[in-house]
Amino acid sequence: GESVGLHLPTLSVQEGDNSIINCAYSNSASDYFIWYKQESGKGPQFIIDIRSNMDKRQGQRVTVLLNKTVKHLSLQIAATQPGDSAVYFCAENLSNSGYALNFGKGTSLLVTP
Amino acid sequence: DTAVSQTPKYLVTQMGNDKSIKCEQNLGHDTMYWYKQDSKKFLKIMFSYNNKELIINETVPNRFSPKSPDKAHLNLHINSLELGDSAVYFCASSQRGNEQFFGPGTRLTVL
């Protein structure tokens, strides 16, 4: 079936560098995408979202880019900090799903000093 | 002032038992969800409720029965627990199709 996937399962970056986490999706009908951060032992925490009528959205130190042509989503984290170490998930809304989200497999981000 | 809360946080039980997990949200949202996260961290939707009505049931065995007594609560009852039910269960809520807020999770271990 259609699914959301991630290019890299793990990503290691040095503190202060920028991080980029990528995500591919295959459901062309999806119109809403979200990035979540999950720390160990906690629930997913909302980072940033984007709707399909946009191609870029910025938050505090984070930027989400959406390329509908190639069905690609990315999360950029500027000046990565040790507190950014976590698993990151992209998610898309499911068509006719009652707003439920279809999650990708997750990327583990490790920030080293 | 927790937005989405779940109880218990940990649940250890024997195969064949029946157990419940409770979820409450104080955000005034109209939609609530249950997700299951397996040992590989894969998150999958189980149920979606909008205004106390079931909207989606994603191929979940009928041993799992969600109950929504009001818009702020969505409980999950599981009958005849099996080893494969061991996972972390997350409750979430949203106002329609907007961002979903997740609870802290309930780690279920079936022995």
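Preceding block: the structure.
Our subject in this report is the structure included herewith. This one's a predicted model, so the numbers in the text were calculated from it and none came from an experiment. Sequence order sets the numbering: in each chain, residues are counted from 1 along the sequence as written. By the order in which they are written, chains take letters starting at A while ligands take numbers starting at 1. Local features in this predicted model are restricted to residues of pLDDT 70 or higher, and side-chain atom pairs are both shown and tallied only at a pLDDT of 80 or more, whereas totals for entire chains, interfaces and linings draw on every residue. The basis for every side-chain value is the complete set of heavy atoms in the structure, and neither hydrogens nor water enter the calculation.

1. Here's the deal with the state of the cysteines
- Criterion for a disulfide: a pair of cysteine sulfur atoms within 2.5 Å. By the definition in use, this model includes two disulfides over all chains.
- Note that Cys-23 of chain A is cross-linked by a disulfide to Cys-90 of chain A, the S-S spacing being 1.9 Å. Its S-S torsion of approximately 55° makes the covalent link between Cys-23 of chain A and Cys-90 of chain A right-handed. Here Cys-23 of chain A is found in strand β3 (residues 19–25), whereas its partner Cys-90 of chain A is found in strand β9 (residues 86–93), with 67 residues between them in sequence.
- Any residue under 20% of the maximum accessible area for its type is buried, any over 50% is exposed, and the rest in between are partly exposed; the area is computed with a 1.4 Å probe on protein chains only. The class for Cys-90 of chain A is buried, based on a relative accessible area of 0%.
- Each disulfide pairs two cysteine sulfurs, and for Cys-23 of chain B the partner residue is Cys-91 of chain B, the sulfurs being separated by 1.9 Å. What sets the handedness of the Cys-23 of chain B and Cys-91 of chain B disulfide is the S-S torsion sign, and at about -75° it is left-handed. Linking Cys-23 of chain B in strand β3 (residues 19–25) with Cys-91 of chain B in strand β9 (residues 87–94), this pair joins segments that are 68 residues apart in sequence. Note on accessibility: Cys-23 of chain B and Cys-91 of chain B belong to one class, buried. Strands here mean DSSP runs of E at least two residues long; helices mean DSSP runs of H or I at least four residues long; both are numbered from the N terminus.

2. Considering the side chain of Gln-38 of chain A
- Structurally, Gln-38 of chain A is set in strand β4 (residues 32–38).
- A relative accessible area of 4% places Gln-38 of chain A in the buried class.
- Only 2.9 Å separates the side chain of Gln-38 of chain A from the backbone oxygen of Lys-42 of chain A, close enough to count as a polar contact.
- In the analysis that follows, any N or O atom pair within 3.5 Å is treated as a polar contact, provided that within protein one partner can donate a hydrogen and the other can accept it, and provided that, for residues neighboring in sequence, both atoms belong to side chains. Polar contacts involving the side chain of Gln-38 of chain A include one to the side chain of Gln-37 of chain B, which spans 2.9 Å.
- Filtering out sequence-adjacent residues up to four positions away, Gln-38 of chain A remains in contact with Gly-43, Pro-44, Ala-86, Val-87 and Phe-89 of chain A together with Gln-37, Lys-41 and Phe-90 of chain B. Throughout, a contact is declared for two residues whenever any of their heavy atoms are within 4.5 Å.

3. With respect to unusual backbone geometry
Residues and elements named next belong to chain B.
- In this structure, the amide linkage connecting Thr-7 to the following residue, Pro-8, adopts the cis form with an omega of -5°.
- Phi at Arg-96 is positive, roughly 50°, even though this residue is not glycine.
- Given a relative accessible area of 53%, Arg-96 falls into the exposed group.

4. Regarding the environment of Tyr-33 of chain B
All names here are of chain B.
- Mapped onto the elements, Tyr-33 comes out in strand β4 (residues 31–37).
- A relative accessible area of 0% means that Tyr-33 is categorised as buried.
- For the pair Tyr-33 and Leu-108, spaced 75 residues apart in sequence, the C-alpha separation works out to 17 Å.
- Of note is the side chain of Tyr-33, whose polar atom sits 2.7 Å from the side chain of Ser-94.

5. Considering the sheet that holds strand β1 (residues 4–7) of chain B
All names here are of chain B.
- Note: two strands are recorded as paired if DSSP finds a minimum of 2 bridges between them. As summarised here, the arrangement of the four strands in space is β1-β3-β8-β7, forming an open sheet in which the pairing is antiparallel. Among the strands making up the open sheet, the edge pair consists of β1 and β7 (64–70). With direction set aside, neighbouring strand axes in the sheet form an average angle of 20°.
- Alignment of β7 against strand β8 (residues 73–78), held across five bridges, turns out to be antiparallel. Within the sheet, the bridge partner assigned to Ser-65 lies in β8 and is His-77. Helix axes use the C-alpha atoms of the stretch in contact, all axes being lines fitted to C-alpha atoms, and the angles between their N-to-C directions lie in the range 0 to 180 degrees.

Interpretation note: all reported values are geometric properties and have no functional meaning in isolation.
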